[in-house]
Amino acid sequence: MSSTPATRPRGPRVVVIGAGIVGCSLADELTARGWTDVTVLEQGPLPAPGGSTSHAPGLVFRTSPSKTLTEFARYTVEKFGSLSVDGVSCFDQVGGLELATTPGRLAELHRRAGYAASWGVRGEIVSAARCKELWPLLDESAVLGGFHTPDDGLARALLAARAQMERAESRGARFLDRHTVTGIEREDVRVTAVVTDRGSFPADHVVSAAGFWGPVIGRMAGVDVPLQPLAHQYAKTRPLSELAGAVAEASRPILRFQDRDLYFREHHDRIGIGSYAHRPLPVDPFAVLAYDEARANDMPMPSSYPFTAEDWAPSWDDCRRLLPALRWAEVEEGFNGVFSFTPDGMPVLGESRELRGFWLAEAVWVTHSAGVAKAVAEWMVDGRASLDLHECDLTRFEDAQRSPSYVRERGSQQFVEVYDVLHPLQPMEQPRPLRVSPFHARQQELGAYFLEGGGWERPHWYEANAPLADGLRLPERDAWSARYWSPIAAAEAKATREKVALYDMTPLRRLEVTGPGALGFLQRMTTNNLRKKPGAVTYTLLLDETGGVRSDLTVARLAPDRFQVGANSPADLDWLIRHAPGDVHLRDITSGTCCIGVWGPFARDLVQSLTQDDFSHEGFGYFRAKQTHLGHVPVTAMRLSYVGELGWELYTTADLGLRLWDTLWEAGQPHGVIAAGRSAFNSLRLEKGYRAWGVDMTDEHNPYEAGVGFAVRMDKDGFVGQEELQGLAGTEPARRLTPLLLDDPASVVLGKEPVYVGGTPAGYVTSASYGYTLGRCVAYAWLPSLATGTGVHIEYFGEKVPATVAEEPLFDPKMTRIRR
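Cut-offs applied
Residues numbered from 1 in each chain as written. Predicted model: local features only at pLDDT ≥ 70, side-chain atom pairs only at ≥ 80, totals over all residues. Heavy atoms only, no water. Patch = residues over 30% accessible without salt bridge, like charges linked within 9 Å, V, L, I, M, F, W, Y side chains within 5 Å. Areas by Shrake-Rupley, 256 points an atom, 1.4 Å probe, with all protein chains shown as cover. Salt bridge = Lys/Arg side-chain N within 4 Å of Asp/Glu carboxyl O. Lys, Arg positive; Asp, Glu negative; His and termini not counted. Charge placed at Lys NZ, Arg CZ, Asp CG, Glu CD. Helix = DSSP H or I, 4+ residues; strand = E, 2+ residues; numbered from the N terminus. Buried < 20%, exposed > 50% of the residue type's maximum accessible area, 1.4 Å probe, protein only. Contact = heavy atoms within 4.5 Å. Polar contact = N/O pair within 3.5 Å; in protein donor to acceptor, adjacent residues only side chain to side chain. Pairing = 2+ DSSP bridges. Axes fitted to C-alpha atoms, helices over the stretch in contact; angles between N-to-C directions. Core = buried A, V, L, I, M, F, W, Y, C linked by side-chain atoms within 4.5 Å. Expected span 1.5 Å × (residues − 1). Phe/Tyr/Trp six-rings, centres within 6.5 Å; stacked < 30°, edge-to-face > 60°. Lys NZ or Arg CZ within 6 Å of the ring centre and 35° of its normal.

Novice: I'd like to hear about a positive patch on the surface, residue by residue, with values.
Specialist: On the surface, Lys 532, Lys 533, Arg 624 and Arg 713 cluster together into a patch of positive charge. Along the chain, Arg 713 falls in the loop between helix 20 (703-706) and strand 37 (735-742). By relative accessible area, which is 34% here, Arg 713 ends up partly exposed.

Written out as structure tokens, the structure is:
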């Protein structure tokens with residue numbers, strides 16, 4: 001029997017904190033999915049409550065190095081373009097124009113055009129003359145070229161918030177302004193209500209969409225929100241004679257002048273200018289005034305701080321040089337507007353494990369607002385979003401990256417780097433070193449060149465190996481691909497293939513799963529068969545309920561009820577804990593342990609000399625584990641290889657790590673042992689076709705598309721995602737992760753470049769590295785299913801580089817080097 005409107009189920013009780021653009025967008029998305037019992041609480045007055053939305057200039061450039069951010073922005077443009085209030089559109093599609101005034105920036109715009117092609121955004125590199133046509137006020141002589149994206153434009157954030165508010169209200173949502181949240185109530189580990197100065201609101205789900213007040217709400221809930229508010233300068237000129245008579249609010253593209261950290265937009269006959277060129281101006285979210293307090297202190301709103309003219313002066317000079325019409329203009333008004341940054345510049349999304357039902361939708365700019373709201377609504381209603389969110393997951397930060405000092409320092413640096421040209425391998429400069437392995441001192445002695453990941457110092461090559469690079473014939477690299485690279489990496493890869501090398505694998509995440517229900521739990525959560533005797537190691541997958549690859553794991557059964565799990569991110573532990581029954585215990589053992597990969601043809605000779613246990617192929621087979629001693633050091637040895645060579649991963653406790661390194665180093669001298677870094681490692685793993693989760697595959701992909709279907713046992717009873725995979729094995733997927741070899745031995749690509757098939761963008765590169773053994777650059781790319789030998793082109797800084805679909809694995813297809 002169908003329900004009448006009065007009795008139709010309204011879904012769970014949802015309270016959204018914050019009626020800015022994110023809160024309003026989320027209410028609209030939730031109610032559109034049938035969750036209509038939605039209450040949105042706002043401390044300020046509606047429809048302009050005084051947060052970042054109320055002063056946002058509204059520029060929407062969709063192109064980003066992040067596919068996820070680009071997808072968020074794409075949906076925002078589509079949605080806002082379909083909304084209007086009183087006949088006024090919520091999005092003005094005037095286009096976007098990014099300028100280059102230096103050769104380095106012009107090269108960067110070519111790279112950004114590549115991102116646009118990869119992610120399906122319409123755009124083109126244009127000449128200085130075309131830039132002048134699009135923006136007549138420009139000094140053409142100062143411009144080398146530009147990147148024009150005709151479908152970008154201006155979001156009218158307050159109108160978009162109002163339109164979505166009204167639509168959500170029509171479906172049953174309510175919006176209550178002048179309600180200041182004072183507390184979050186809970187029962188055990190679940191949220192139960194939101195307390196305000198005007199009463200309590202029971203809730204099954206609470207979403208903090210409070211913007212730069214997010215840390216304040218988070219503290220009430222006992223949930224960490226790693227977010228740093230900063231003030232950003234925005235100014236408007238007096239009316240310009242050159243724009244006199246302007247009828248439209250804006251008719252020219254939104255404009256970026258990244259070489260001077262500036263952007264521009266029209267306001268009828270005025271120009272609005274935003275600057276990231278000034279010093280970081282961090283704001284304490286706990287000290288931000290309430291709306292009425294701000295007004296009483298002569299502030300137009302809590303998010304609008306007084307304009308600091310001394311910070312503006314250098315930028316004003318730059319503006320006048322680019323736009324000569326401003327040389328006689330004056331700034332009529334300006335303010336320092338507060339908005340949010342995280343340590344990595346990405347939003348913070350998801351449900352807290354510590355307080356179930358408490359969600360974050362924080363550090364979201366207007367550009368991405370509707371896309372984020374759609375993703376969070378899907379996550380809440382359906383259990384997962386329709387696109388990969390691992391870059392935004394609230395669990396992604398390590399404990400060492402959550403201190404207030406770290407968040408403030410890195411958040412401030414993100415502000416500084418908003419428009420900087422950043423290399424994909426470029427590490428943060430401070431605070432470093434933060435996390436180091438027990439071998440750090442020895443690595444420094446060997447001249448390690450460190451990059452950083454997850455707070456860890458990670459050697460990419462060792463200057464001690466420089467003599468090994470003498471005489472190697474390597475193609476000359478362009479300036480971009482030569483950054484954070486050394487020919488020493490080639491020498492280290494060669495030594496690994498020919499002799500033996502030590503790799504620091506300590507940063508790889510290690511979980512311990514114990515308890516009488518451990519086996520059954522892991523069998524249910526993963527795709528491969530783990531019901532094997534102790535000593536077995538298994539490569540397996542974590543899937544979500546739709547069959548998407550959440551992660552790939554290496555699971556070692558060390559005892560009947562004890563497993564060591566090699567995982568990828570904090571989200572893996574979070575996912576497993578959420579599903580674990582009471583008789584299963586999980587803990588992250590990464591920080592208390594360490595790991596050395598010993599790989600190469602002489603790996604057995606090295607390791608066997610240190611133990612009486614049998615390390616022969618017959619005595620210690622591939623994908624087996626053994627607890628033993630090497631010299632004086634107790635280790636868990638696993639016969640695995642991520643580089644395609646004979647060898648072991650050797651684990652011990654952190655206190656014995658240095659002794660393990662020294663023991664292996666001394667025993668390896670007769671065999672020519674070296675220390676090798678991540679640069680060689682990445683080259684070797686791509687030659688073997690080994691996937692990197694989060695780069696090559698995510699939960700947007702199923703195992704068969706990603707080429708890891710061999711890790712799925714469909715005859716196993718009941719694992720998560722199994723039903724969605726029925727019928728996929730043995731069928732040709734429409735798309736697949738495809739190995740490519742660049743045709744020219746001198747060509748190199750780095751990742752995220754668009755791939756053209758028949759002259760049309762058809763996919764994008766995930767991982768790429770020069771294969772020193774093969775003498776060619778190897779690239780993996782998501783493409784439609786193509787036959788081996790098919791020719792394609794990869795666009796690298798505007799140049800179409802020919803490549804060919806290859807058969808994998810590219811190196812040692814019979815696995816003879818590993819299984820000997």
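Novice: Tell me about the environment of Thr 526, residues and numbers included.
Specialist: Considering the arrangement of structural elements, one finds Thr 526 in the loop between helix 15 (518-525) and strand 28 (537-543). Along the backbone, Thr 526 and Arg 713 are 187 residues apart, and their C-alpha atoms lie at a distance of 9.5 Å. Ignoring anything within four residues of it in the chain, the contact list for Thr 526 reads Thr 540, Leu 541, Leu 542, Leu 553, Lys 716 and Phe 719. Within the local environment of Thr 526, its side chain forms a polar contact with the side chain of Thr 540, the two groups lying 3.3 Å apart.

Novice: Before we move on, could you go through the sheet that holds strand 33 (residues 625-630) and cite the residues and values that matter?
Specialist: Strand order in the open sheet formed by six strands is 33-34-35-32-26-36, with mixed pairing between adjacent strands. Looking at which strands have only one partner, the edges of the open sheet turn out to be strand 33 and strand 36 (674-676). Each strand axis lies, on average, 30° off the axis of its neighbour in the sheet, ignoring direction. Relative to strand 35 (residues 647-653), strand 32 (residues 593-599) runs antiparallel, the two sharing seven bridges. What sits directly across from Gly 597, in strand 35, is Glu 649. Of the strands in this sheet, strand 26 (501-504), strand 32 and strand 36 touch helix 14 (residues 488-498), which is tilted by about 120° from strand 36.

Novice: Tell me about the nonpolar core, residues and numbers included.
Specialist: One finds Phe 72, Phe 80, Phe 175 and Leu 349 to be the most contacted residues of the largest nonpolar core, which totals 50 residues. For this core, the secondary-structure elements that each account for two or more residues are strand 1 (14-17), helix 1 (21-32), strand 2 (38-41), helix 3 (67-81), helix 6 (157-170), strand 23 (358-362) and helix 10 (369-382). Counting residues per element, this core draws most heavily on helix 10, at eight residues. Once you skip the residues sitting within four places of it in the chain, Leu 349 turns out to touch Phe 72, Leu 360, Ala 361, Glu 362, Val 364, Val 372, Val 376, Trp 379, Cys 392, Asp 393 and Leu 394.

Novice: Account for helix 3, with residues named and values stated.
Specialist: Over its 15 residues, helix 3 extends 21 Å from the first C-alpha to the last, a length consistent with the 21 Å expected when each residue adds 1.5 Å. Within the sequence span of helix 3, burial applies to Thr 68, Leu 69, Thr 70, Phe 72, Ala 73, Arg 74, Thr 76, Val 77, Lys 79 and Phe 80. Here helix 3 starts with a cap whose side-chain oxygen sits 3.3 Å from the backbone nitrogen of Thr 68, and that cap is Ser 66.

Novice: Please give an account of the packing of aromatic side chains that cites residues and values.
Specialist: Geometry of an aromatic ring pair is reported as the spacing of the ring centres plus the angle between the planes. All chains considered together, the criterion is met by 31 aromatic pairs. Ring geometry for Trp 599 versus Phe 681: centroids 6.2 Å apart, planes at 35°, classification tilted. Placement of Trp 599 in strand 32 and of Phe 681 in helix 19 (residues 678-688) is noted, with a sequence separation of 82 residues between them. A residue is classified by how much of its surface remains accessible, and Phe 681, at 3% relative accessible area, is buried. Feature note: the residues Tyr 234, Tyr 263, Tyr 276, Phe 335, Phe 339, Phe 341, Trp 365, Phe 415 and Tyr 419 constitute an aromatic cluster, connected by ring pairs. Over the ring of Tyr 756 we find Lys 800, and its NZ or CZ is 4.6 Å from the ring centre.

Novice: Would you mind going over the pattern of salt bridges in detail, with residue names and values included?
Specialist: This model, assessed by the stated rule, comprises 57 salt bridges. A salt bridge links Glu 445 to Arg 442, with the shortest nitrogen-to-oxygen separation between them at 3.5 Å. Placement of the pair is Glu 445 and Arg 442 together in helix 12 (residues 440-445), with a separation of three residues, close to one helical turn. According to the relative accessible area criterion, Glu 445 is exposed, its value standing at 58%. Among the salt bridges present, the one from Glu 645 reaches Arg 820, with a minimum N-O distance of 3.8 Å.

Novice: Break down the side chain of His 368 for me, citing the residues and quoting the values.
Specialist: Along the polypeptide, His 368 turns up in the loop between strand 23 and helix 10. Setting aside residues no more than four positions away along its own chain, His 368 makes contact with Leu 69, Phe 72, Ala 73 and Thr 76.

Novice: So what's going on with the environment of Asp 662? Residues and values would help.
Specialist: By secondary structure assignment, the location of Asp 662 is in helix 18 (residues 657-668). When its relative accessible area of 26% is taken as the criterion, Asp 662 is described as partly exposed. Sequence separation between Asp 662 and Arg 442 is 220 residues; the distance between their C-alpha atoms is 8.6 Å. A polar contact is formed between the side chain of Asp 662 and the side chain of Arg 442, at a distance of 2.8 Å.

Keep in mind these values describe shape, not function.
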